Amino acid sequence: AQKITQTQPGMFVQEKEAVTLDCTYDTSDPSYGLFWYKQPSSGEMIFLIYQGSYDQQNATEGRYSLNFQKARKSANLVISASQLGDSAMYFCAMRRRDTTSGTYKYIFGTGTRLKVLA
Amino acid sequence: DAGVIQSPRHEVTEMGQEVTLRCKPISGHDYLFWYRQTMMRGLELLIYFNNNVPIDDSGMPEDRFSAKMPNASFSTLKIQPSEPRDSAVYFCASSTQGNQETQYFGPGTRLLVL
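Here goes a summary of the coordinates provided. Treat the numbers as computed from the prediction; the structure is a model and nothing was measured.

This part covers the overall build of chain B. Per the secondary structure count, chain B includes 0 helices and 11 strands. Each helix and strand of chain B, ordered N terminal to C terminal, gives the series β-β-β-β-β-β-β-β-β-β-β. Relative to its length of 114 residues, chain B is compact, with a C-alpha radius of gyration of 13 Å against a globular reference of 13 Å. For chain B, the C-alpha atoms occupy an extent of roughly 40 × 25 × 25 Å along the three principal directions. Residue burial in chain B is summarised as follows: out of 114 residues, 50% are buried. The contacts of chain B with a sequence gap of at least 6 include a subset with a gap of at least 24, amounting to 55%. When the accessible area of chain B is evaluated, it comes to approximately 5600 Å², of which 50% is carbon and sulfur surface. Charge separation in chain B, taken as the distance between the mean sites of 10 positive and 13 negative side-chain charges, equals 5 Å.

And the structure:
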């Protein structure tokens, strides 16, 4: 079954410290993509980072990096030097191509709420 | 540049009424996505378009839901008739052919069906 699991409903981190948000996925497809999105309390969804299953290196975008461990089927988000503005809900998602229809399917995790403490 | 524009931002309606949500993607974007977010079901992709053509609508919950994209700058999501369980935040997002992974989301429409 295709699935995204985020086991941490909530996390706290001290300002300026690094934090890792966990994400594990389940798929039998050889080709897939993994995403992280941020949703602040204002409600909008913000794309953060993407990792393709064939990418050799872990994706990085500024203070965000994706710790991709293919054998473990994990795609953890690492936020370095946390800022107060990082307080938000974070969603992990997977995109896969359906072998029957050839179309993309997107699956989202339940999210992790991060609170950065001053 | 303007981001993805959605209207209305809030909608309150009564059960049985028709609801139309609107989206204007970022100019030049080839892909348009409609998502729904609820506490119970989380985020779900309802349908997506490429070059105005619906590609996958398997996420559309029922025949009461329909989506159209008559041109590259406009899409609608219609619910007829609406039911209380349709209450959710509906997001529209767009991306380009060359960078499909980076989806830009609109602010969402918060729908409440009484």
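Let's pick the thread back up.
Attention shifts here to the interface of chain B and chain A. With 15 residues of chain B at the interface, the matching set in chain A holds 16 residues. Of the roughly 1500 Å² buried where chain B meets chain A, counting both sides, 57% is carbon and sulfur surface. For the chain B face of the interface with chain A, the top three residues by lost area are Leu43, Glu101 and Phe105 of chain B, together amounting to 37%. Here Glu101 of chain B and Arg95 of chain A are joined by a salt bridge, their closest N and O atoms 3.0 Å apart. There are 7 residue pairs in polar contact (both at pLDDT 80 or more) connecting chain B and chain A.

Residues and elements named next belong to chain B. The peptide bond linking Ser7 to Pro8 adopts the cis configuration, its omega dihedral lying at -10°. Position of Pro8 relative to the elements: it lies in the loop between strand S1 (5-7) and strand S2 (10-13). Cis geometry is found at the peptide bond from Gln80 to Pro81, where omega equals -10°. Within the secondary structure, Pro81 sits in the loop between strand S8 (74-79) and strand S9 (88-95). Positive phi outside glycine occurs at Asn51, with the angle close to 50°. Positionally, Asn51 belongs in the loop between strand S5 (42-50) and strand S6 (53-56). Although it is not a glycine, Asn52 adopts a positive phi angle of roughly 75°. Residue position: Asn52 is located in the loop between S5 and S6. Under the relative-accessibility criterion, Asn52 is labelled partly exposed at 27%.

Trp36, Leu77 and Tyr90 of chain A are the most contacted members of the largest nonpolar core, which has 25 residues in total. Elements that contribute at least two residues to this core include exactly strand S3 (19-21), strand S5 (32-39), strand S6 (46-52), strand S8 (64-69), strand S9 (74-79), strand S10 (88-97) and strand S12 (112-117) of chain A. No other element matches the 4 residues that S10 of chain A contributes to this core. Counting residues in each nonpolar core, the second largest holds 21 residues, with Ile47, Phe65, Ala67 and Leu111 of chain B among its members.

Attention shifts here to the sheet that holds S1 of chain B. Residue and element names in this part refer to chain B. A sheet is described by the order of its strands in space; here 4 strands give the open sequence S1-S3-S8-S7, paired in antiparallel fashion. Unpaired on one side and paired on the other, S1 and strand S7 (65-71) mark the two borders of the sheet. On average, each strand axis in the sheet is inclined to that of its neighbour by 15°, with strand direction left out of account. Relative to strand S3 (residues 19-24), S1 runs antiparallel, the two being bridged by 3 bridges. In the strand pairing of S3, Ile5 is matched with Lys24.

Another aspect to go through is the side chain of Ser94 of chain B. Residue and element names in this part refer to chain B. Along the chain, the position of Ser94 falls in strand S9. Judged by relative accessible area, which is 0%, Ser94 ranks as buried. Reaching out from Ser94, the side chain makes a polar contact with the backbone nitrogen of Ile26 at a distance of 3.4 Å. If near-sequence neighbours (up to four positions away) are discounted, Ser94 is found in contact with Val4, Pro25, Ile26, His29, Tyr31, Leu32, Phe33, Thr102, Gln103 and Tyr104.

On to the state of the cysteines, then. Residues and elements named next belong to chain A. On inspection of all chains with the given rule, the structure shows 2 disulfides over all chains. Each disulfide pairs two cysteine sulfurs, and for Cys23 the partner residue is Cys92, the sulfurs being separated by 2.0 Å. The chirality of the disulfide connecting Cys23 with Cys92 is left-handed, given an S-S dihedral of about -65°. Residue Cys23 is found in the loop between S3 and strand S4 (24-26), and its partner Cys92 is found in strand S10; the two are separated by 69 residues along the sequence. Each member of the pair Cys23 and Cys92 is classed as buried.

Reading the values: the criteria
- Residues numbered from 1 in each chain as written.
- Chains lettered and ligands numbered in written order.
- Predicted model: local features only at pLDDT ≥ 70, side-chain atom pairs only at ≥ 80, totals over all residues.
- Heavy atoms only, no water.
- Helix = DSSP H or I, 4+ residues; strand = E, 2+ residues; numbered from the N terminus.
- Rg over C-alpha atoms; globule rule 2.2 N^0.38 Å.
- Buried < 20%, exposed > 50% of the residue type's maximum accessible area, 1.4 Å probe, protein only.
- Contact = heavy atoms within 4.5 Å.
- Areas by Shrake-Rupley, 256 points an atom, 1.4 Å probe, with all protein chains shown as cover.
- Lys, Arg positive; Asp, Glu negative; His and termini not counted.
- Charge placed at Lys NZ, Arg CZ, Asp CG, Glu CD.
- Buried area = accessible area lost by both parts, 1.4 Å probe.
- Salt bridge = Lys/Arg side-chain N within 4 Å of Asp/Glu carboxyl O.
- Polar contact = N/O pair within 3.5 Å; in protein donor to acceptor, adjacent residues only side chain to side chain.
- Core = buried A, V, L, I, M, F, W, Y, C linked by side-chain atoms within 4.5 Å.
- Pairing = 2+ DSSP bridges.
- Axes fitted to C-alpha atoms, helices over the stretch in contact; angles between N-to-C directions.
- Disulfide = S-S within 2.5 Å.

Remember that the coordinates give geometry; whether it matters functionally is a separate question.
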